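A look at the structure
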Protein chains: 2
Amino acid sequence: MIKYPINKNTSNKQNNALSASNRGMKLEKAINLSNTYYLNKEIANIHKKPTPIQVVSVDYPKRQAAKITEAYYKIPSTTDYNGIYRGKYLDFEAKETKSKTSFAFKNIHSHQINHLKSIINLKGIAFFIICFSHYHETYVIEAINLINRINENKKSISYQEIKEEGYLIKESYQLPLDYLSAVDNFIK
Amino acid sequence: MIKYPINKNTSNKQNNALSASNRGMKLEKAINLSNTYYLNKEIANIHKKPTPIQVVSVDYPKRQAAKITEAYYKIPSTTDYNGIYRGKYLDFEAKETKSKTSFAFKNIHSHQINHLKSIINLKGIAFFIICFSHYHETYVIEAINLINRINENKKSISYQEIKEEGYLIKESYQLPLDYLSAVDNFIK
């Protein structure tokens, strides 16, 4: 387990210093470390999907690994994360915003919305992890709450609405982002 | 829906010609087409994960897409396919063999076995799709059947054992590889 510079039992001064470290740690890294924790504890098996890449040209040098010499990033057709928890299929997208007031839907691809709609129809657990970096707060919110607003042609969801309808994720030394405890609130 | 050159209602002569086409069609393509069918019919949402690639160097030409100029294939830490079906988390690996008599376990990475064990412990549906190209037959077999043999230090599972313990996948024009009908046999 890689150590993560967050500890609840510290003074305010230390907390500020640690928050600064926290800002430097990307959301993706915090989720991946948490997923490793969940996997090792046999709580859940959740992975980030690799970024899809279109390979155009590959060299095969003798006695060396194949070297890709021309390739391009492709737009993913699904969300970034999926896996299994409490016997359920889980699917989510994680996003960070610098805004103090709202999360804008332009940050979500339409194919990701369609994918999450499909998952909901098939009785999976679909949600977003949204980090408000200004407040150092990260929330879990069910995908349906955002999808309903998008269907009403709304362009964003306010920070206040996320606070009310979502669940603040607890952070700790061992478990950088305990988002599954937040998910427990809406798993039937 | 992309047309697939298999049709049950043809003469023997046609069947042979079509089988030849079938041989040319890779297992992965048949699974991906079937997944598209399942997705469009709202039966299941199952995707192949992108191949993980370690990007070393990227060019950013003006007004053009970022061009990856040096990258290497990484060994995947999970299986190739996962998704949701009948409210369950599904996870599987697909393999093809030219052997007439058995499927050798050297074709499976140890991390894939560990991953499937974890999925079974977490109450997911874990299986293999194994294509015997010589017979033009493709089977679904529960992962536990292979894992138990690997734990007993066996090096392979025989074709006969797969016939007895697995489920032959039906093929059709619209649905190249209807593996979920085979999976129905062991979903509780």
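A brief report on the enclosed structure follows. On a predicted model such as this, the values are computed, not experimentally measured, just so you know. Throughout this document, residue positions are counted from 1 along each chain, in the order its sequence is written. Each chain gets a letter, beginning with A, and each ligand a number, beginning with 1, in the order they are written. Totals for whole chains, interfaces and linings use every residue, but because this is a predicted model, local features are given only for residues with pLDDT of at least 70 and side-chain atom pairs only at 80 or more, for both listing and counting. As a rule here, side-chain values cover all heavy atoms of the structure and leave hydrogens and water aside.

Looking at helix H4 (residues 143-151) of chain B
All names here are of chain B. Among all positions in H4, only Ala143, Asn145, Leu146, Ile147 and Arg149 are buried. Here, two residues are considered to be in contact whenever any of their heavy atoms come within 4.5 Å of each other. Secondary structure counts use DSSP, requiring at least four H or I residues in a row for a helix and at least two E residues in a row for a strand, with both numbered from the N terminus. Against the buried residues of H4 lie strand E6 (102-104), helix H3 (110-121), strand E7 (125-132), strand E8 (137-142), strand E9 (156-158) and helix H5 (159-165). Following H4 by one or two positions, Asn153 adopts a phi angle in the positive range, close to 65°. Any residue under 20% of the maximum accessible area for its type is buried, any over 50% is exposed, and the rest in between are partly exposed; the area is computed with a 1.4 Å probe on protein chains only.

Considering the sheet that holds strand E3 (residues 67-73) of chain A
With respect to topology, 4 strands assemble into an open sheet ordered E2(A)-E3(A)-E3(B)-E2(B), the strand pairing being antiparallel. Where the open sheet ends on each side, the last strands, each with one partner, are strand E2 (53-59) of chain A together with strand E2 (53-59) of chain B. Taken over all neighbouring pairs, the strand axes of this sheet differ in orientation by 35° on average, direction set aside. Here the rule is simple: two strands pair whenever DSSP picks up at least two bridges between them. Note: E2 of chain A against E3 of chain A, 6 bridges, orientation antiparallel. Simply put, an axis is a line fit to the C-alpha atoms, just over the touching stretch for a helix, and the angle between two N-to-C directions goes from 0 to 180 degrees.

Let's talk about the interface of chain A and chain B
If you look at the interface, chain A gives 35 residues, while chain B gives 35 residues. In short, buried area is how much 1.4 Å probe accessible area vanishes from two parts on joining, totalled over both. Counting each side, the surface lost to burial between chain A and chain B is near 2800 Å², with a carbon and sulfur contribution of 66%. When the buried surface of chain A facing chain B is broken down by residue, Ile68, Ile84 and Leu122 of chain A rank first, second and third, together holding 22% of it. Distance and chemistry together define a polar contact, namely a pair of N or O atoms within 3.5 Å, with one atom able to donate a hydrogen and the other to accept it when in protein, and with adjacent residues in sequence counting only for side-chain atoms on both sides. Across the contact surface, chain A and chain B share 7 residue pairs in polar contact (both at pLDDT 80 or more). For the side of chain A that touches chain B, the secondary-structure elements that each account for two or more residues are strand E1 (44-48), E2, E3, strand E4 (81-85) and helix H3 (110-121) of chain A. In terms of residues, the side of chain A that touches chain B owes the most to one element, E3 of chain A, which gives 7 residues.

Looking at the packing of H3 of chain B against H4 of chain B
Residue and element names in this part refer to chain B. Put simply, H3 and H4 touch, their axes get as near as 11 Å, and they point 125° apart. Here H4 runs oblique to H3, going by the angle between their axes. Regarding H3 and H4, the two cross each other, and that crossing is left-handed. Here Ile113, Leu116, Lys117 and Ile120 of H3 come into contact with H4, specifically with Ala143, Ile144, Ile147, Ile150 and Asn151. Each residue gets one of three labels, nonpolar for Ala, Val, Leu, Ile, Met, Phe, Trp, Tyr, Cys and Pro, charged for Asp, Glu, Lys and Arg, and polar for the others, Gly among them. Its residues placed into classes, the contact of H3 with H4 shows 7 nonpolar, 1 polar and 1 charged. Small angles under 35 degrees read as roughly parallel and large ones over 145 as roughly antiparallel, with 65 to 115 read as roughly perpendicular and the rest as oblique. Two helices crossing with the near one rotated counterclockwise from the far one by less than a right angle form a left-handed crossing, whereas a clockwise rotation gives a right-handed crossing.

Quick look at the side chain of Ser34 of chain A
All names here are of chain A. Among the secondary structure elements, Ser34 is positioned in helix H2 (residues 27-40). Here the side chain of Ser34 touches Ala30 through a polar contact of 2.7 Å, landing on its backbone oxygen. When residues no more than four places from it in sequence are discounted, the contact partners of Ser34 are Leu175, Pro176, Leu177 and Tyr179.

All we've got here are geometric facts, nothing functional implied.
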